[in-house]
Amino acid sequence: MADFAELARAVLPAPVWDYVAGGSGAETTLAANRRALDRVGVLPRMLRGVHTPSTAARLLGASHALPVAVAPMAYQRLLHPDGELALAAAAGAAGVPYVASTLSSEPIERIAGAGGEVWFQLYWLRDRGLVADLLDRAHAAGCTALTVTVDVPVLGRRLRDLRNGFALPPDVHAANLPAGRDDLAHHGTPGVSAVAAHTHEVFAPALTWADLEWLRARTPLPLVVKGVLDPRDAVLAADAGADAVVVSNHGGRQLDGAPPAAAALPEVVDAVGDRCEVLLDSGIRSGTDVLRALALGAHGVLVGRPLLFALAVGGRAGADTALALLAAELTDALTLAGCADPAAARDLRTVPVD
């Protein structure tokens, strides 16, 4: 899957590549995500009689072909004209959930109609009425879970975007927002990220756990809280009724200096016990990484950038290929680790490696 990154870099405009590939600040957390996963050594089990493992797993009470969901990622039509519709269709064909972003460049109704299971990701907006409207639309569209992102009170300071004066092109819009609500995102200014200016205007910056409780009461769907690193916050999320938490540093795009998500994962797993599921996001690049996450205690993972790069290279066909590669890599990893399925991988032990 790693091959898709360099292939995408060759076809994408440099500012778009920087927008997707970059992180915040000096990008120390972005780099640490990869190093932390590479330091996870998985102790394989022998003589377990495993020849053809199953990759199937249950997430949020539903069966899926892999312990994987497609991470919520904004403005996918920046990468390919078919954008979210292509990646959602590929996810459906692969049997994994697709998490549709509030800032999708296609409306949630069209994404839900592309095939497969769709979870809706909510960025909390200053306009509470618009939040309620988005929830109603997600319910009506048939979304099967709600993911609320809690680590973006403001957008992280992403220096590549500032240097590029990054702005959305005229044909890419925040399609779930009313017309004109994303105007700031299109007005490029040297030294300013137009996307950051837009989110500063529309995102609510001062949420509390009471807001999460309001959301829990407002939706009957399984609730996923994304962006947790401190185990104390994971416990508070479970107290507020979360069905899952996602251990994530937003792919190194928010607080630079935050720990790598993989390093934070075990303490979160221990803190919540069996009160809710735990997923890992930030840095997953292969089936081996999925195995590492499972061995650290995760129920599953979210995969982001590699699928965007595959989309950029080949549209729907590229996304299909990337997800097929991920399934093949996970099958190989499970076989070599002596695991009949992803649930068995959660019983593996890990050791640090240099």
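Residues numbered from 1 in each chain as written. Predicted model: local features only at pLDDT ≥ 70, side-chain atom pairs only at ≥ 80, totals over all residues. Heavy atoms only, no water.

1. Some points on the overall build of the protein
Convention followed: Helix and strand definitions follow DSSP, with helices as H or I runs of at least four residues and strands as E runs of at least two, each counted in order from the N terminus. Just to be clear, the radius of gyration here is over C-alpha atoms, and the globule rule we use is 2.2 Å times residues to the power 0.38. Relative accessibility under 20% of the residue-type maximum defines a buried residue, over 50% an exposed one, and the middle range a partly exposed one, all with a 1.4 Å probe and only protein chains included. In this analysis, two residues are considered to be in contact whenever any of their non-hydrogen atoms come within 4.5 Å of each other. Here the accessible surface of atoms and residues is derived via Shrake-Rupley with a 1.4 Å probe, and residues count as covered only by protein chains that are part of the display. Asp and Glu count as negative and Lys and Arg as positive, but His and the ends of the chain are not part of the count. Just so you know, the charge point we use is NZ for Lys, CZ for Arg, CG for Asp and CD for Glu.
Assigned secondary structure in the protein consists of 14 helices and 12 strands. For the protein, the C-alpha radius of gyration of 19 Å lies close to 20 Å, the compact-globule estimate for 354 residues. In terms of overall dimensions, the protein has a C-alpha envelope of 60 × 45 × 40 Å along the principal axes. Sorting the 354 residues of the protein into buried and exposed places 57% on the buried side. Excluding contacts between residues fewer than 6 apart, the proportion of contacts in the protein whose partners are at least 24 apart in sequence is 72%. For the protein, the exposed surface amounts to about 13,800 Å²; the carbon and sulfur share of it is 55%. One way to put it: in the protein the 29 positive side-chain charges average out to a point 3 Å from where the 38 negative ones average out.

2. Regarding unusual backbone geometry
Despite not being glycine, Leu60 shows a phi value in the positive range, around 55 degrees. With respect to the helices and strands, Leu60 occurs in the loop between β2 (57–59) and β3 (62–64). Residue classification places Leu60 among the buried positions, given a relative accessible area of 17%. Of note in this structure, Ser282 is not a glycine but carries a positive phi near 100 degrees. With a relative accessible area of 5%, Ser282 lands in the buried category.

3. Let's talk about the pattern of salt bridges
Definition in use: Salt bridges are identified by distance alone: a Lys or Arg side-chain nitrogen within 4 Å of an Asp or Glu carboxyl oxygen.
If you walk through the whole model with that rule in mind, you get 17 salt bridges. The partner of Asp354 in a salt bridge is Arg39, with the nearest N and O atoms 3.4 Å apart. Highlighted residues: Asp354 in the segment after β12 (349–352) and Arg39 in the loop between α3 (28–38) and β1 (40–43), separated in sequence by 315 residues. Owing to a relative accessible area of 94%, Asp354 belongs among the exposed residues under this scheme. Across the pair Asp230 and Arg232 runs a salt bridge whose closest N-O atoms are separated by 2.7 Å. Taking relative accessible area as the criterion, Asp230 reaches 26% and is therefore assigned partly exposed. Put simply, Arg34, Asp38, Asp289 and Arg292 are held in one network by salt bridges that share partners.

4. Notes on the nonpolar core
Formally: The criterion is simple. A nonpolar core is a set of buried Ala, Val, Leu, Ile, Met, Phe, Trp, Tyr and Cys residues joined through side-chain atoms within 4.5 Å.
Grouped together as the largest cluster of nonpolar side chains are 110 residues, with contacts concentrated most on Tyr75, Leu78, Leu122, Leu215, Val247 and Leu280. If you tally residues by element for this core, the top one is helix α13 (residues 305–337), at 14 residues. Excluding residues that lie within four positions of it along the chain, Leu78 makes contacts with Leu12, Val16, Tyr19, Phe166, Leu168, Pro169 and Val172. Ranked by size, the runner-up nonpolar core spans 12 residues in total, among them Leu60, Val99, Val246 and Leu279.

5. Section: the side chain of Gln76
In this fold, Gln76 is placed in the loop between β4 (68–70) and α4 (83–94). On the basis of relative accessibility, which here comes to 0%, the residue Gln76 falls in the buried class. Residues contacting Gln76, with those up to four places away along its chain left out, are Gly83, Glu84, Leu87, Tyr98, Ser105, Leu308 and Leu311.

6. Regarding the packing of aromatic side chains
Put simply, the rule is: Stacked, edge-to-face and tilted are the three classes for Phe, Tyr and Trp ring pairs, Trp counted by its six-membered ring, which pair at centre distances within 6.5 Å; planes under 30 degrees apart are stacked, over 60 edge-to-face, the rest tilted.
On inspection of all chains with the given rule, the structure shows 4 aromatic pairs. Judged by centre distance (5.0 Å) and plane angle (25 degrees), the rings of Trp17 and Phe309 are stacked. Note that Trp17 is positioned in helix α2 (residues 14–21) and Phe309 in helix α13, a separation of 292 residues in sequence. Take Trp17 and Phe309: they sit in the same class, and that class is buried. Seen from their ring centres, Tyr19 and Phe166 are 4.8 Å apart, and the 15 degrees between their planes marks the pair as stacked.

7. A few points about the pairing of strand β7 (residues 145–149)
Test applied: Think of it this way: DSSP has to see at least two bridges between two strands before they count as a pair. Orient the strands so they point away from the viewer, and a crossover whose first-strand-to-second-strand path over the helix runs clockwise is right-handed.
Among the 5 residues that make up β7, 5 are buried, leaving the element largely enclosed by the rest of the structure. Of the two faces of β7, the one holding Ala145, Thr147 and Thr149 and the one holding Leu146 and Val148 are both buried throughout. Both strand β6 (residues 118–122) and β7 contribute to a ladder of 4 bridges, which runs parallel. Looking at β7, one finds that Gln121 is bridged to Thr147. As a crossover connection, the stretch from β6 through helix α6 (residues 128–141) into β7 is right-handed. In the sheet, β7 pairs with strand β8 (residues 223–228) via 4 bridges, with the strands oriented parallel. The partner of Thr147 across the bridge, within β8, is Val224.

8. Digging into the pairing of β6
Within β6, 5 of the 5 residues are buried, leaving the element largely enclosed by the surrounding structure. Alternating residues of β6 divide into Val118, Phe120 and Leu122 and Trp119 and Gln121, and every residue in both groups is buried. Pairing between strand β5 (residues 98–100) and β6: 3 bridges, direction parallel. The partner of Tyr98 across the bridge, within β6, is Val118.

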